[in-house]
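Structural characterization, general
Below, each chain spelled out in residue letters.
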Amino acid sequence: LPLVLFTGVASVTRLPRRTRAAVATLAALFSSAALVQLSGGLIETHFHFFVMVFVITFYQDWVAFLLAIAFVVVEHAVVGVVAPHAVYNHSEAWANPVRWAIIHALFLSGAAAAAVVNWSLNERAQAAERAIAERLAYEAAHDPLTGNLNRREFDRQISMLLGDPRSQATEHAVCLMDLDQFKIVNDSSGHAAGDEVLRQVTGLIRSRMGVNDQLARIGGDEFAVLL
C-alpha cells in the first residue's frame, strides 16, 4: 500500500520536482524494505537498497539522498526492534538491531557519496563541454577584434530574415559604412591604434542602435547594420 500510494503521488506532474523526487525515493526504498521482509531478512536482498540509491542518483538532489539514508536508519531500527527476524538473518543483529541499522546506513552513505562524486564530476565535465561549444559557436559567428557579427553570420541573419514570412509585416533596412582614409591611421600610428579606432567606432555605432538591431564588421574598415 505505501508503495502504490507514493508511486501515485510521485506521478502528479503539477507537484514541485523536489517533492516528487522525495516521494519517489520513499517508494523505491519501500520496495527494498518489502523485498527484505518478504525474504525473511536474507542478507542478499539488502543489496536492493544499494540499487535504489543509484537510481535516486538520477534526481541529482541532496534531499533525496538524505531521505534515503534516514529511511534506512529508521526502518531498520524500528522494524528491527519490533520484528528483528523480518529484517536480519543473524543473531547479532537480532540482539542489537539499532547498531546494525546504523551500520547499514553507513554502508549506504558510502554508496551515496560515491554516486554524488560521480554525479558532480559528470556535471563539471558537461559544463566544460557546453562552455567550449558555446565559445566555439561565438567565435565562428563574431569578429574577434570588435565582438560584432562577422560577414558570414550577418549574411546568415539576412537570409533568415528574408525567408521568414513573419518579417514581411515589419520594415527593415541595411546600412553599409566604411571609414574613409583608415589606412592613414594604420600607416602613421600602427595597427594597434587602428584596432583601437575600430573598437571605438563600434562603440559609437552601438550607442545609436536599437536593442533588436544587428551590427557586423564585414571587412577591414567596413561595417553593416541591420535595422
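Refer to the structure printed above.
The sections below set out a description of the structure shown in this document.

Reading guide: rules and limits
Residues numbered from 1 in each chain as written. Predicted model: local features only at pLDDT ≥ 70, side-chain atom pairs only at ≥ 80, totals over all residues. Heavy atoms only, no water. Helix = DSSP H or I, 4+ residues; strand = E, 2+ residues; numbered from the N terminus. Contact = heavy atoms within 4.5 Å. Buried < 20%, exposed > 50% of the residue type's maximum accessible area, 1.4 Å probe, protein only. Phe/Tyr/Trp six-rings, centres within 6.5 Å; stacked < 30°, edge-to-face > 60°. Salt bridge = Lys/Arg side-chain N within 4 Å of Asp/Glu carboxyl O. Axes fitted to C-alpha atoms, helices over the stretch in contact; angles between N-to-C directions. Parallel < 35°, antiparallel > 145°, perpendicular 65-115°, else oblique. Left-handed = near helix turned anticlockwise from the far one by under 90°. Nonpolar A, V, L, I, M, F, W, Y, C, P; charged D, E, K, R; others polar. Patch = residues over 30% accessible without salt bridge, like charges linked within 9 Å, V, L, I, M, F, W, Y side chains within 5 Å. Areas by Shrake-Rupley, 256 points an atom, 1.4 Å probe, with all protein chains shown as cover.

So, the environment of Ala86
Its location among the elements puts Ala86 in the loop between helix H4 (62–82) and helix H5 (91–95). As a C-alpha pair, Ala86 and Val36 span 50 residues in sequence and 7.3 Å in three-dimensional space. If sequence neighbours within four positions are ignored, Ala86 has contacts with Val36, Gln37, Gly40 and Gly41.

So, unusual backbone geometry
Its identity as a non-glycine residue notwithstanding, Gln60 has a phi of 50°, on the positive side. In this structure, Gln60 sits in the loop between helix H3 (47–56) and H4. Here Gln181, not a glycine, exhibits a phi torsion of approximately 60°, which is positive. Of note, Gln181 is situated in the loop between strand E1 (174–178) and helix H8 (182–189). For Gln181, a relative accessible area of 61% gives the class exposed.

A short note on the packing of aromatic side chains
This structure, assessed with the given rule, holds 5 aromatic pairs. Geometrically, the ring pair formed by Phe30 and Phe71 is edge-to-face, given 5.2 Å between the ring centres and 70° between the ring planes. Of the two residues, Phe30 sits in helix H2 (residues 17–38) while Phe71 sits in helix H4, which places them 41 residues apart along the sequence. On the accessibility criterion, Phe71 (11% relative accessible area) is buried.

Details of the pattern of salt bridges
All told, the structure shown has 7 salt bridges when counted by the stated rule. The salt bridge involving Glu92 is made with Arg99; its shortest N-O contact spans 3.0 Å. Exposure remark for Glu92: the relative accessible area of 34% places this residue in the partly exposed category. Judged by relative accessible area, Arg99 falls into the partly exposed class, the value being 47%. The residue Arg199 makes a salt bridge to Glu196 at a minimum N-O spacing of 3.3 Å. Of this pair, Arg199 and Glu196 are both found in helix H9 (residues 191–206), 3 residues apart, which corresponds to roughly one turn of the helix. Judged by its relative accessible area of 38%, Arg199 falls in the partly exposed class.

With respect to the packing of H2 against H3
Contact geometry of H2 with H3 gives a least axis separation of 9 Å together with a crossing angle of 170°. Judged by the angle between their axes, H2 and H3 are roughly antiparallel. Crossing of H2 over H3 shows right-handed handedness. Of the residues in H3, those in contact with Thr25, Ala28, Leu29, Ser31, Ser32, Ala33, Leu35 and Val36 of H2 are His48, Phe49, Met52 and Ile56. Residue classes in the contact of H2 with H3 are distributed as 8 nonpolar, 4 polar and no charged.

Quick notes on a nonpolar patch on the surface
On the surface, Val73, Val74, Val78, Val81, Val82, Val98, Ile102 and Leu106 cluster together into a nonpolar patch covering about 710 Å² of accessible area. Contributing elements (two or more residues each) for the nonpolar patch: H4 and helix H6 (97–141). Looking at the nonpolar patch, the element that brings in the most residues is H4, giving 5 residues. Position of Val73 among the secondary structure elements: in helix H4.

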